[in-house]
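Chains, contacts and geometry: an overview
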Amino acid sequence: MKRILGDLKPGERACVEHIEGGGALRRRMMDMGIVPGVELEVVRRAPWGGPLQVRLKGYYLAMRRGECAKIIVREIHKEHRELPLASR
């Protein structure tokens, strides 16, 4: 099922399908490692529309909800998870 990154709850993992839009924001996300095919996990969500903390490639990243709305992801079901994110 395809969703936006901001829809995920803490503990849920997903694979990035694509990043909507273009320009400097897209380039900045890709520079941070958010590229199609990368797996990430939502660690926590700040209250009242605050940022999300995500983990990818062994590091943590805080992202604004507006940025998360541009990232289309596909959920990874538990039976398809092979390795923890930190070991990839």
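Placed above this text is the structure.
The following refers to the structure shown. (Residues numbered from 1 in each chain as written. Predicted model: local features only at pLDDT ≥ 70, side-chain atom pairs only at ≥ 80, totals over all residues. Heavy atoms only, no water.)

Points about the side chain of Glu12
With respect to the secondary-structure elements, Glu12 resides in the loop between strand S1 (2-4) and strand S2 (13-19). A polar contact of 2.6 Å, which involves the side chain of Glu12, links it to the backbone nitrogen of Lys9. Discounting chain neighbours no more than four positions away, the residues touching Glu12 are Arg3, Asp7, Leu40, Glu41, Val42 and Glu75. (Helix = DSSP H or I, 4+ residues; strand = E, 2+ residues; numbered from the N terminus. Polar contact = N/O pair within 3.5 Å; in protein donor to acceptor, adjacent residues only side chain to side chain. Contact = heavy atoms within 4.5 Å.)

Some details on unusual backbone geometry
In this structure, Trp48 is a non-glycine residue whose phi angle is positive, near 55°. Along the chain, Trp48 falls in the loop between strand S3 (39-45) and strand S4 (52-56). Here the phi dihedral of Lys57 falls at roughly 50°; this positive angle occurs in a residue that is not glycine.

Quick notes on the environment of His77
Summarising the element assignment, His77 is placed in the segment after strand S6 (71-75). For His77, a relative accessible area of 40% corresponds to the partly exposed category. Along the primary structure His77 and Ala14 are separated by 63 residues, whereas in three dimensions their C-alpha atoms are 8.4 Å apart. (Buried < 20%, exposed > 50% of the residue type's maximum accessible area, 1.4 Å probe, protein only.)

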